[in-house]
Amino acid sequence: MWRRSLGAGCRLFGCRSAVPQGIWGSSAVRACSAPVLPALSITALQAMDSWRKHFEERGVPEPEESSHYIMAHLFGAKTIQSVEQGKLTEFLSREETEQMWKLCTRRLSRMPVQYVIEEWDFRDLTLKMRPPVFIPRPETEELVELVLTDLETMCGTEDALDALHTCVEVGCGSGAISLSLLRSRPQLKAIAVDQSQQAVDLTRENALRLGLQDRLQIHHIDVMKDPEAALSLCTRASALVSNPPYLFSEDMSKLEPEILRFEDPSALDGGEDGLNVIKQILTMAPKILSDHGRAYLEVDPRHPSLIQQWVEVNVKELRYVETRHDITGRPRFCILQKRELIQGPRVGSGLRN
Amino acid sequence: MSRLVPLITSVCRGVLWRRGCPGVSPSLNPLPGLTWVPAAGKKDLVDLPVLDEDELEEQFVRGSGPGGQATNKTSNCVVLKHVPTGIVVKCHQTRSVEINRKRARGIMREKLDVAYKGELSELIVKKKESVHKKQEKKKKAHENLERKRLFKEALVTESTHE
């Protein structure tokens, strides 16, 4: 290939500079949206810079991060920092250039990076991502930490007692939470359910890729419509975990395009007060959990006190243990525990912490 | 109950500094490689200073909204500040915030080690200097006494010879 400076090839990038505004008007310019492939060879650095500018011009958030993650992925790396520096100044092959353009054009439509590269990391796992299955958020990594810390306290570090522990997850999405728990606790078993068949399929796929399928049962169940189906799966779980849809319905329309256009709204919309699915899960919790078993929920920052009050009145078998905050300092996680059931002639059936 | 208190909230970027984070568990290996293998590598992790979470402030930008499900961002840069020394560590080595947090702590321990060592060698130099100064003082005082003695002797000798 002829080696020319990027400037010489610039005329061929995008339509904006090439099309005289006066004749065609701005709508026509926007209509030819995908930047054309460069005619000349470019380096990875130039490609990233070029796309960062395209993203900026089009108001795509995280313009630099997006171009970096996509390019890194092209090289088989997770981050651009881990790509050998020399590689970034070499010319990209034709195929690499085409692939970069193809993937970045998807990002132009506000497709989340995780869907563009079809994968993302969650703690120490790399998971396959596919729209519209919900993309795990960084806050949820902490939810897993909370559960792991408690499991460790409950049964000591990795001994035989672990074999008796089962964890139930409601709304598994891509499988992030359950698979993370299984990876960290080799003796743990998990049961995961989701109302979306696509989520069930993706979780299954991720479980297979990680070799964790033997310890994970996945079921296609909608706990709102058919809670009994979930209750029949497990009655003595040590832990019930969920990152349920918890957004307020009225907030749905304010979501960024990345979410609105590509992620399953039923994975996000928790109803008018965001508590619909949460309440259902907590109502089911006493039947799923063993005595002293715990429920761990990720929620909206406005929820913890509401949940505490509601549970006190409506789910007496559960004791509200505590609220934990996420890395940004927002109240994010609710921990509840199933009270032990006492039976005896004097007391009758009652509850004890 | 959480000991966490958001210290500063920047209105335009919604950044919250968080003091201490007991939630960070050791269950993830943040530094795969030398420093975690006891036998290999130049520095055993045992030698590095232990972090007190109460002395740390952590920052992770998540926007000014409610975060969580309402936001999907790929930025996962963690900034860790050691308040007593003012040392700041930034980490965005991986695509996991949790792992970046742990790595940031590992790097912080190494930096604190260097900082403390630096202080330590400074102390040693200062001590040597003060010891040297004392010695010099003594030497001079001794020399002065000697000079005076000789002077006196000289006077006495003179007077006896007159």
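Just so it is clear, the structure is predicted and the values come from calculations on it, not from any experiment.

With that settled, the discussion passes to helix α10 (residues 197–210) of chain A. Residue and element names in this part refer to chain A. With 14 residues, α10 extends 20 Å between its outermost C-alpha atoms, agreeing within 8% with the 20 Å of an ideal straight helix rising 1.5 Å per residue. Within α10 the residues assigned to the buried category are Ala-199, Val-200, Leu-202, Thr-203, Asn-206, Ala-207 and Leu-210. Angular distribution of buried residues about the axis of α10 spans 165°; they occupy a single face of the element. In α10, the exposed residues that point more than 90 degrees away from the buried face are Leu-208 and Arg-209. Where α10 starts, the residue carrying a side-chain oxygen 3.2 Å from the main-chain nitrogen of Gln-198 turns out to be Ser-196. One or two positions beyond α10, positive phi appears at Gly-211, with a value near 70°.

Two orientations exist for strands paired in a sheet by backbone hydrogen bonds: parallel and antiparallel. All names here are of chain A. Reading across from one edge, β5-β4-β3-β6-β7-β9-β8 is the order of the seven strands in this open sheet, with mixed pairing throughout. Every interior strand has two partners, whereas the edge strands, β5 (216–220) and β8 (318–325), have only one. Averaged over all adjacent pairs, the angle separating strand axes in this sheet is 15°, with direction ignored. Here strand β7 (residues 289–298) runs beside strand β9 (residues 331–338); their pairing, made up of five bridges, is antiparallel. Its bridge partner being in β9, Arg-294 is matched across the sheet by Gln-337. Contacting β3 (166–170), β4 (189–194), β5 and β6 (237–242), helix α9 (residues 176–184) crosses the sheet at an angle of about 175° to β4. Here helix α14 (residues 304–314) sits on the sheet and contacts β8 and β9; the angle it forms with β8, its principal contact strand, is near 175°.

Here we take up the packing of aromatic side chains. All names here are of chain A. All told, the structure shown has three aromatic pairs over all chains when counted by the stated rule. Summarising the aromatic geometry, the rings of Trp-51 and Trp-101 are spaced 5.4 Å apart at their centres and angled 75° between planes, so their arrangement reads as edge-to-face. Highlighted residues: Trp-51 in helix α3 (residues 44–57) and Trp-101 in helix α6 (residues 94–108), separated in sequence by 50 residues. Residue class for Trp-51 comes out buried when judged on its relative accessible area of 0%. For Trp-101, a relative accessible area of 3% gives the class buried.

What counts and what doesn't
Residues numbered from 1 in each chain as written. Chains lettered and ligands numbered in written order. Predicted model: local features only at pLDDT ≥ 70, side-chain atom pairs only at ≥ 80, totals over all residues. Heavy atoms only, no water. Helix = DSSP H or I, 4+ residues; strand = E, 2+ residues; numbered from the N terminus. Expected span 1.5 Å × (residues − 1). Buried < 20%, exposed > 50% of the residue type's maximum accessible area, 1.4 Å probe, protein only. Arc of directions from axis to C-beta. Polar contact = N/O pair within 3.5 Å; in protein donor to acceptor, adjacent residues only side chain to side chain. Pairing = 2+ DSSP bridges. Axes fitted to C-alpha atoms, helices over the stretch in contact; angles between N-to-C directions. Contact = heavy atoms within 4.5 Å. Phe/Tyr/Trp six-rings, centres within 6.5 Å; stacked < 30°, edge-to-face > 60°.

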